[in-house]
Amino acid sequence: MALLDDVKSELAAIDNELPIAKKAQATSMIRFGNGLHTVDHHVLVQAQLDSKDAALWLRDTIKNLYGHEATLTPVSRQTPTGIVQRFVIRVPKGSAALVLQTGLYSRYTKNMVLGLPSEIINGKIAQIKAAWRGAFLANGRLSDPGKASYLEIVCPNHEAALALVSTARRLGITAKSRRLRSSERVTLRDPDAIERMLILMGAPHSAREWTGKRSDGEARGKANRLANFDDANMRRSAKAAAEACDKVRQAFEILGDDIPDNLKSAGQLRLDHADASLEQLGRLAEPPITKDAIAGRIRRLLQLAEKTEKARRQDA
């Protein structure tokens, strides 16, 4: 656990990020810290973290970035392997406003976003890195050097796992989701991919310690290359995803509230899971539908918006 604590302390100490990155990190920490609860039909933000440094960062960011007071309460519980220490961040007042500010509540569907907000998934690379950093700070695990390699994040649901897999792809890293017992997990097992992810999240010192086989100069060189990692395939993929979401977003603006529920929910799924395949979107629909059906609904949404816009121009 010592190395894991060091990684989280290194990540929590980052203080030179842009506000959009800090927002992405805080949002991810709330989501992956199981921070959204409903009490007496009211939303309550209460996240549980295993790192005091991470908990302090989240508490201070909620206050300084969003303007809400948050409390930090240490809790302990006895397990077969010993006492486990956790830190609970609670927002007693202003939780409803906070979930709106973070984007964890969708103004379109009037529901909680189950994964990560589309503003993060479709955002800048700095936001993607920060979202992974937040997820790792909230519920990340890392193998000890010399043992079977893994970097793993325990996810609150399947949608959150899909969001991490798709955002990892934007960083040029392949992550896999799996269900283990009662939890969804996203896992990296390739040692090079783990080192790259640690560096991209902002823990180059811990990455060097974890690998234990590369010189400081090699690690710094690799960190610099990864910091500017943006090859042609990534640009094309990000551009295609952004264009698809822009079309759906524009359709929502044109149609306003005059959208059939099935088309509206399909479009919102596209926004919430920009990098997911049509087959994955179909599985996320309620009830699940085929990829052809989800594609047809999105196509009809765009056609309806185009027809409506054309009629408005003619009337003008």
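The model shown is predicted, which means the values in this text are computed figures rather than measured ones.

Rules used throughout
- Residues numbered from 1 in each chain as written.
- Predicted model: local features only at pLDDT ≥ 70, side-chain atom pairs only at ≥ 80, totals over all residues.
- Heavy atoms only, no water.
- Helix = DSSP H or I, 4+ residues; strand = E, 2+ residues; numbered from the N terminus.
- Pairing = 2+ DSSP bridges.
- Axes fitted to C-alpha atoms, helices over the stretch in contact; angles between N-to-C directions.
- Buried < 20%, exposed > 50% of the residue type's maximum accessible area, 1.4 Å probe, protein only.
- Polar contact = N/O pair within 3.5 Å; in protein donor to acceptor, adjacent residues only side chain to side chain.
- Parallel < 35°, antiparallel > 145°, perpendicular 65-115°, else oblique.
- Contact = heavy atoms within 4.5 Å.
- Left-handed = near helix turned anticlockwise from the far one by under 90°.
- Nonpolar A, V, L, I, M, F, W, Y, C, P; charged D, E, K, R; others polar.
- Domains from an automatic or database assignment.
- Buried area = accessible area lost by both parts, 1.4 Å probe.
- Salt bridge = Lys/Arg side-chain N within 4 Å of Asp/Glu carboxyl O.

Caption draft 1: View of the environment of Ala 244. Mapped onto the elements of the fold, Ala 244 is located in helix 11 (residues 232-255). For the pair Ala 244 and Tyr 66, spaced 178 residues apart in sequence, the C-alpha to C-alpha distance is 30 Å.

Caption draft 2: Inspection of the sheet that holds strand 9 (residues 176-180) at higher detail. Across the sheet, four strands lie side by side as 7-8-10-9; this open sheet has antiparallel pairing. Only two strands of the sheet have a single partner each, and these edge strands are strand 7 (140-142) and strand 9. Within this sheet the neighbouring strands show an average axis-to-axis angle of 30°, counted without direction. Note: strand 8 (residues 151-155) against strand 10 (residues 183-188), five bridges, orientation antiparallel. Note that in strand 10 the partner of Ile 153 across the bridge is Val 186.

Caption draft 3: Molecular detail of helix 8 (residues 191-201). Of all 11 residues that make up helix 8, nine are buried, and the element is covered over most of its length. Its side-chain oxygen 3.2 Å from the backbone nitrogen of Asp 192, Asp 190 forms the N-cap of helix 8. A positive backbone phi angle near 115° is found at Gly 202, which sits one or two residues after helix 8.

Caption draft 4: Main features of unusual backbone geometry. Following Glu 286, the chain continues into Pro 287 via a peptide bond in cis, with omega recorded as -5°. Structurally, Pro 287 is set in the loop between helix 13 (278-284) and helix 14 (291-315). The phi angle at Asn 34 is positive, at roughly 50°, despite the residue not being glycine. Topologically, Asn 34 is positioned in the loop between helix 2 (19-32) and strand 1 (36-39). Positive phi values are uncommon outside glycine, yet His 41 reaches one of about 70°. Mapped onto the elements, His 41 comes out in the loop between strand 1 and strand 2 (42-49).

Caption draft 5: Seen up close, the packing of helix 6 (residues 125-139) against helix 8. Contact geometry of helix 6 with helix 8 gives a least axis separation of 9 Å together with a crossing angle of 105°. It follows that helix 6 is roughly perpendicular to helix 8 by the angle criterion. Judged by residue contacts, Lys 129, Trp 132, Arg 133 and Phe 136 of helix 6 engage Met 197, Leu 200 and Met 201 from helix 8.

Caption draft 6: Examining the pairing of strand 1 more closely. In the sheet, strand 1 pairs with strand 2 via four bridges, with the strands oriented antiparallel. Opposite Leu 36, over in strand 2, you have Val 45 as the bridge partner. The hairpin turn running from strand 1 into strand 2, its antiparallel successor, is two residues long, and Asp 40 in that turn takes a positive phi close to 50°.

Caption draft 7: View of the sheet that holds strand 2. Ordered in space as 1-2-4-3, the four strands form an open sheet in which the pairing is antiparallel. The open sheet is flanked by strand 1 and strand 3 (71-79), the only strands paired with a single partner. Each strand axis lies, on average, 35° off the axis of its neighbour in the sheet, ignoring direction. Note that strand 2 and strand 4 (residues 82-91) share five bridges and pair antiparallel. Of the residues in strand 4, the one forming a bridge with Gln 48 is Val 88.

Caption draft 8: Fine view of the packing of helix 2 against helix 4 (residues 95-102). Helix 4 packs onto helix 2 with a crossing angle of 125° between their chain directions and a minimal axis gap of 10 Å. Here helix 4 runs oblique to helix 2, going by the angle between their axes. Helix-helix and strand crossings are classified by hand; for helix 2 and helix 4 the assignment is left-handed. Facing helix 2, whose interface residues are Lys 23, Thr 27 and Ile 30, helix 4 presents Leu 98, Gln 101 and Thr 102. Residues of the contact of helix 2 with helix 4, tallied by class, amount to two nonpolar, three polar and one charged.

Caption draft 9: Looking closely at the pairing of strand 3. As defined by bridge partners, strand 3 adjoins strand 4 across nine bridges and the pair is classed as antiparallel. Within the sheet, the bridge partner assigned to Thr 73 lies in strand 4 and is Val 88. Linkage of strand 3 to strand 4, two consecutive antiparallel strands, is achieved through a turn of two residues.

Caption draft 10: Up close: the domain arrangement of the protein chain. Domain boundaries in the protein chain define domain 1 (1-202) and domain 2 (239-315). Taken over C-alpha atoms, the centre of domain 1 sits 28 Å from the centre of domain 2. Taken residue by residue, the interface counts 13 residues in domain 1 and 12 residues in domain 2. Of all residues in domain 1, Tyr 108, Asn 122 and Leu 162 bury the most surface against domain 2, accounting for 44% of the area lost on that side. Taken together, the connections running from domain 1 to domain 2 amount to zero salt bridges. Taken together, the connections running from domain 1 to domain 2 amount to one residue pair in polar contact (both at pLDDT 80 or more). Counting residues per element, the ones that place at least two in the side of domain 1 that touches domain 2 are helix 5 (118-121) and helix 7 (158-170). Of the residues belonging to the side of domain 1 that touches domain 2, the class tally is four nonpolar, six polar and three charged.

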